[in-house]
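Here is how the chains run, residue by residue.
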Amino acid sequence: MHPRMPKPRLNVLIVGAGLGGLSAAIAIRLAGHEVLVLEQASTLSEVGAGIQIPPNSSRFLISWGLREAMDRVSVLPEIIRLRSYRDGNVLNEQPLVPLTEEVYGGPYWHCHRADFHRVLVEKCQALGVRILINSMVTNIDFEAPSVTLSTGGTIGADLIVGSDGLKSKCREQLLGHSDPPRLTGDLAYRILVKAEEMRKHKDLEEFVNKPAINTWMGPNAHAVSYLLKDQGYYNMVLICPDNMPGGVNVMSTDSSEVLEFFKSWDPRLQKMIGLVSSVSKWRLQNSTEMASWTHPSGKFALLGDACHATLPYLAQGAAIAVEDGGVLGGLLAKLEDRSQLPALLRTYEGLRKNRTTKIVVGSTGMRDILHMEDGEKQKRRDAVLLADDIKPGFPNKWRDPTFRNFLFAYDGAREVEIAWERFRERSGSGAAGVFRARL
Ligand SMILES: Cc1cc2nc3c(=O)[nH]c(=O)nc-3n(C[C@H](O)[C@H](O)[C@H](O)COP(=O)(O)OP(=O)(O)OC[C@H]3O[C@@H](n4cnc5c(N)ncnc54)[C@H](O)[C@@H]3O)c2cc1C
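Residues numbered from 1 in each chain as written. Predicted model: local features only at pLDDT ≥ 70, side-chain atom pairs only at ≥ 80, totals over all residues. Heavy atoms only, no water.

The name given to the chain in an unreviewed UniProt entry is FAD/NAD(P)-binding domain-containing protein, with Tuber magnatum as the source organism. Listed in UniProt under the heading Sequence similarities (unreviewed entry), the comment for the chain reads: "Belongs to the paxM FAD-dependent monooxygenase family." (UniProt positions renumbered as here; feature names shortened; annotations may be inferred.)

In structure tokens, the structure reads:
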């Protein structure tokens, strides 16, 4: 690019104001482009309860200036503990403090989803990202490109990013056929227990006094729990086989149903469940891998759950949506000429697809480790965990340095720099020519 040529300023339209869409909005705005986010809901918020934010995600958030805001709403778990389901005995542990800051350059946070979402919304607002609620996208013209809203209006842009989640309209339109979410065979009970209620029970104190991520592993099920900010609530996610009626994906139930399934589990876990009356129940669904996330027009790309919905067993779904946004924003910051956009979107897909597929597959694979039936295999798993005998394939994936590095050390910003430099070197005549010629 000629030094005096101004960088192109794109109008970018993002479909969906979830954690992925808002992350992309921040990164793309920081890259110098105009951003409009269209959200179908009538309010901006996140449903569900707690969320874990591993360092591969927190590093991006910090690079966007969100360290202080996230610290304010988050808890720093000191350790991940894997426990046996019967008695809660600890089988293996992975310390997180100071490891994740020292080795991976970012904290491992957990917080309430609504707080995380609000931090992202406020950052968008501070940066001048426009967010329109009550704006459901019903159709996309990939060539124009433009979207049609349920109200009938059409909005055009230079680039459209589809981040409309698991039941993505954008994904179906890109595929050209219906592609509903796939059943995984599991469901999640989501529970918030008042920490003050837990403190009344001596045997539950350890869970609320020392922040940690506790995971109980048992036959066909597992339970994950951690404290939320201000010691107000204790977050529990209990996964077991899907028994939800057809066509229903979220419903309320009561704790007696949960207690019935987990009746042979750690009495402390049962006590915690017994401290609440209402429980929400979510069918866990994902999707099959797509051949491509981008449209040949070079003006459209998917992001987040819309293209790589995953089981939450590595707690990475939102984290990789944040990574997508960071990488896409990083590449768009390099844009020197509008003609580079198609190549740049293919680069985005090239940088992101293998990693996200490996995490989706790895998350499904975790079910075999977490949900083992009692028997010889389970005894071997527990013996390996207790011996802390860390070799490739070690069952605690957060303790296995190879796998942990794969999850946590991912540096999307560096990936962008490497990709850009590679094209620059190969061209010998500036990156703009390379992007046109080689991608
Ligand atoms: C039980 C459970 C626990 C989890 N725990 C973790 C965890 O600890 N850590 C982690 O990283 N991940 C976790 N995840 C995964 C994480 O929640 C998701 O991966 C993440 O929220 C996906 O974000 P997204 O923005 O891609 O999609 P979504 O959050 O689904 O957002 C999509 C947005 O698009 C909007 N939208 C949809 N259609 C349209 C349309 N046609 N027009 C306009 N707007 C539209 C929706 O209203 C929504 O606001 C968990 C998931 C579950 C189910």
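The rest of the description comes next.
1. Here's the deal with the overall build of the chain
Regarding its fold elements, the chain presents 17 helices and 19 strands. Compactness check: the chain gives a C-alpha radius of gyration of 22 Å against a globular reference of 22 Å for 439 residues, within 12% of the reference. With the principal axes as the frame, the chain shows a C-alpha extent of 70 × 50 × 40 Å. The burial tally for the chain puts 56% of its 439 residues in the buried class. Taking all contacts inside the chain whose residues are at least 6 apart in sequence as the whole, residues at least 24 apart take part in 74%. Total accessible area on the chain is roughly 18000 Å²; 51% of this is exposed by carbon and sulfur atoms. Of the charged side chains in the chain, 53 are positive and 50 negative; the average position of the first set lies 3 Å away from that of the second. (Helix = DSSP H or I, 4+ residues; strand = E, 2+ residues; numbered from the N terminus. Rg over C-alpha atoms; globule rule 2.2 N^0.38 Å. Buried < 20%, exposed > 50% of the residue type's maximum accessible area, 1.4 Å probe, protein only. Contact = heavy atoms within 4.5 Å. Areas by Shrake-Rupley, 256 points an atom, 1.4 Å probe, with all protein chains shown as cover. Lys, Arg positive; Asp, Glu negative; His and termini not counted. Charge placed at Lys NZ, Arg CZ, Asp CG, Glu CD.)

2. Some words on the domain arrangement of the chain
With domains assigned, the chain is organised as domain 1 (1-42 + 133-181 + 289-369 + 413-439) and domain 2 (47-113 + 183-286 + 372-408). One C-alpha centre belongs to domain 1, the other to domain 2, and the line joining them spans 30 Å. Facing 30 residues of domain 1, the contacting portion of domain 2 comprises 29 residues. Taken over both partners, the interface formed by domain 1 and domain 2 buries close to 2600 Å², and the fraction arising from carbon and sulfur atoms is 66%. Counting the surface domain 1 buries against domain 2, the share from its top three residues, Tyr 313, Leu 314 and Ile 369, is 22%. Counting across the domain 1 and domain 2 interface gives one salt bridge. Ionic pairing is found between Arg 367 and Asp 186, a salt bridge with its closest N-O pair at 3.1 Å. The interface formed by domain 1 and domain 2 holds eight residue pairs in polar contact (both at pLDDT 80 or more) in total. Secondary-structure elements contributing two or more residues to the side of domain 1 that touches domain 2 are helix 1 (19-30), helix 12 (317-334) and helix 13 (341-370). The element best represented in the side of domain 1 that touches domain 2 is helix 13, accounting for eight residues. (Domains from an automatic or database assignment. Buried area = accessible area lost by both parts, 1.4 Å probe. Salt bridge = Lys/Arg side-chain N within 4 Å of Asp/Glu carboxyl O. Polar contact = N/O pair within 3.5 Å; in protein donor to acceptor, adjacent residues only side chain to side chain.)

3. Concerning the site of the ligand
Neighbouring the ligand are 31 residues; Gly 20, Glu 39, Gln 52, Arg 113 and Asp 305 lie closest to it. Asp 305 places a polar side-chain atom, nitrogen or oxygen, 2.8 Å from an oxygen atom of the ligand. Ala 318 places a main-chain nitrogen or oxygen 2.9 Å from an oxygen atom of the ligand. When residues of the shell around the ligand are traced back to their parent elements, those giving at least two are helix 1, strand 3 (50-53), strand 13 (182-194) and helix 12. In terms of residue class, the shell around the ligand is built from 13 nonpolar, 12 polar and six charged. (Near = heavy atom within 4 Å. Nonpolar A, V, L, I, M, F, W, Y, C, P; charged D, E, K, R; others polar.)

4. Re helix 1
End to end, helix 1 covers 17 Å across 12 residues, agreeing with the expected 16 Å (1.5 Å per residue, within 8%). Burial analysis of helix 1 places 11 of its 12 residues in the buried class, which makes it a mostly covered element. Gly 32 lies just past helix 1 and shows a positive phi near 100°. (Expected span 1.5 Å × (residues − 1).)

5. Focus: the pattern of salt bridges
The tally for this structure, following the rule as stated, stands at 29 salt bridges. The partner of Asp 266 in a salt bridge is Arg 268, and the shortest N-O contact between them spans 3.0 Å. Within this structure, Arg 83, Glu 206, Asp 266 and Arg 268 form a network of salt bridges that share partners.

6. Re the packing of aromatic side chains
Inspection of the entire model under this criterion finds 11 aromatic pairs. Taken together, a centroid distance of 4.9 Å and an interplanar angle of 65° make the contact between Phe 261 and Phe 262 edge-to-face. For Phe 262, a relative accessible area of 0% translates into the label buried. For the ring pair Phe 403 and Phe 406, a centre distance of 5.6 Å and an interplane angle of 55° mean the geometry is tilted. Taken as a pair, Phe 403 and Phe 406 lie in helix 15 (residues 401-408) at a separation of three residues, close to a single helical turn. Neither residue differs from the other here; Phe 403 and Phe 406 are each classed as buried. The structure contains a cluster of three or more aromatic residues connected by ring pairs, namely Tyr 85, Phe 261, Phe 262 and Trp 265. Above the plane of the ring of Phe 406 lies Arg 355, whose end atom (NZ or CZ) is 4.9 Å from the centre. Between Lys 358 and the ring centre of Phe 406, over which it is positioned, the NZ or CZ distance is 4.3 Å. (Phe/Tyr/Trp six-rings, centres within 6.5 Å; stacked < 30°, edge-to-face > 60°. Lys NZ or Arg CZ within 6 Å of the ring centre and 35° of its normal.)

7. Examining unusual backbone geometry
The step from Val 97 to Pro 98 runs through a cis peptide bond, and the omega angle for that step is 5°. When you line up the elements, Pro 98 lands in the loop between strand 6 (90-95) and helix 4 (99-104). Cis peptide bonds are those with omega within 30 degrees of zero, and the linkage from Ala 144 to Pro 145 qualifies with -15°. Relative to the assigned elements, Pro 145 resides in the loop between strand 9 (137-141) and strand 10 (146-149). Not every positive phi belongs to a glycine, and Asn 134 is a case in point at roughly 50°. The topology assignment puts Asn 134 in the loop between strand 8 (130-132) and strand 9. For Asn 220, which is not glycine, the phi torsion reads 60° and is therefore positive. By the secondary structure assignment, Asn 220 is in the loop between strand 14 (213-218) and strand 15 (221-227).

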